[in-house]
Amino acid sequence: MVARRRLGRRFGWLWAAYAVSTFGTRLAFDAFALIAILVLHAGPTKVSVLAAAGLAVGAVVAVPLGPWVEFRRKRPVMVAMDLTRFVALMSVPAAYALGLLGFVQLLVVSVVVGAADIAFNAAGGAYLKAIVRPEDLVVASGRFESTNWTATVLGPPLGTAAIGFFGPVLTVVTDAVSHLLSAAGIRAIGGHEPRPVRAGTKEVRLRFGGLFEGWRYILAHPALRPLFLNTVLVSGLIMATSPLLAVLMLGDLGFAPWQYGLAFGLPCVGGIIGSRLAPRLVARFGRHRVMLTAGTLRACWSLGPAFVRPGVAGLVLVIVVEFGLITCMGVFNPVFAAYRLDRTATDRVARTLSAWSVTSKATVAVMTGLWGLLAGITGPRVAIAVAGLLMLLTPFLLPRHDHTPHHERDLARSPT
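Residues numbered from 1 in each chain as written. Predicted model: local features only at pLDDT ≥ 70, side-chain atom pairs only at ≥ 80, totals over all residues. Heavy atoms only, no water.

**Comments concerning the packing of aromatic side chains**
Inference 1: Under the definition given, this model contains six aromatic pairs.
Inference 2: Aromatic pair Phe332 and Phe336: ring centres 5.6 Å apart, planes at 15 degrees, arrangement stacked. Linking Phe332 with Phe336, this pair stays in helix 16 (residues 311-343), spanning four residues, or about one helical turn. Of the two residues examined, Phe332 and Phe336, each falls in the buried class.
Inference 3: Look at Phe336 and Trp356: their rings are 5.6 Å apart centre to centre, the planes differ by 55 degrees, and that puts the pair in the tilted class. You can see Phe336 sitting in helix 16 and its partner Trp356 sitting in helix 17 (residues 349-378), a full 20 residues away along the chain.
Inference 4: Assessed through its relative accessible area of 4%, Trp356 is described here as buried. (Phe/Tyr/Trp six-rings, centres within 6.5 Å; stacked < 30°, edge-to-face > 60°. Helix = DSSP H or I, 4+ residues; strand = E, 2+ residues; numbered from the N terminus. Buried < 20%, exposed > 50% of the residue type's maximum accessible area, 1.4 Å probe, protein only.)

**Some details on the nonpolar core**
The nonpolar side chains of a soluble globular protein tend to be buried, and buried together.
Inference 1: Ranked by internal contacts, the top residues of the largest apolar core, which has 59 residues, are Phe11, Leu14, Leu128, Leu227 and Trp356.
Inference 2: For this core, the element with the most residues is helix 6 (residues 103-131), which contributes 10 residues.
Inference 3: The contacts of Leu128, once residues within four sequence positions are left out, are Phe11, Leu14, Ala140, Phe144 and Leu341.
Inference 4: Counting 31 residues, the second-largest nonpolar core is a separate cluster that includes Leu250, Val318, Met367 and Trp371. (Core = buried A, V, L, I, M, F, W, Y, C linked by side-chain atoms within 4.5 Å. Contact = heavy atoms within 4.5 Å.)

**A short note on the environment of Gly261**
Inference 1: You can see Gly261 is positioned in helix 13 (residues 257-265).
Inference 2: Taking C-alpha positions, Gly261 is 8.0 Å from Leu158, a pair spaced 103 residues apart along the chain.
Inference 3: Excluding residues that lie within four positions of it along the chain, Gly261 makes contacts with Pro156, Pro157 and Thr160.

So this is what it looks like as structure tokens:
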């Protein structure tokens, strides 16, 4: 079976490290927003500013990291970024224990973690492409995606329950420790990783001009450009409404934290289903058709949360809407991730992924800030509805033509 291919020892350790850090992060689902709401008593505008400023500044800080990562061994970079996230996150419970935790510290930690996330993911994507055969990229990406959604199913309910019993900072400690364990797992991969080749004066040019090389490469690529525009806008619209929905459910509608966690944890079963189906769907229908169909269907759900009401009916509505959205994302994401790696030249992967992540995070930051201002004027419900309507336009940005050569299409569909 496609999904049961053996991908080797190095991939196994990389996958294990990803699993433990992802579970820790999902356990701390919206931890900073919940701390801001429950501990610092912040309103919708301030919560949105926290999410937006951390992403925006983190993205700016991460801009030079793309070319820096490109010409270094990827495993040491990933270990360094894991340790950076561990130290930054542990400063939050330390300050909380001393009664010194404030809004500014949450902003600073968000910036550091955001920049480290971008560098880690850029290095991880380049390393994955180096250790996995092109025909196995969809399977490998599907396993990461399945792990992500499994952690999301379990993490938010457990995390919000832990917040109810032990306070809002415990999950941040767990997240920090998970990055420490991830660093240990990546070191356990072992073996020799050759240093990327650099040539004299070209290194100097790349150090400065290379800051923008990732964007130039993406925007000049006929297959990557439409996917770039689509995915950046979709993630921006989804994430911009996340703090608003938290304020609406936890504040205006009076849902308990465990209900909020359940509403976003349980539907992630759809992500597991979608990611498990993705390799089989690609083998049967082809990568482009699956990507186009799933990318279109995922745009049809985001209007639903604008109609949430108090009580069981409102909770069920959120669960159903999120299940539909996440199932479509579970299919789309691994196919898209594999396609992006496959279509990116090996010596440009880190810069391309870094530019992609920087743009996505900056867009999320800007849109989160704008939607926070809109919610301050109109209320969270109207702002969520506007985002849902705009989401319906995003399928028009998906690539309508398959740019994959015919022999590569046949390889992608091969079940062995």
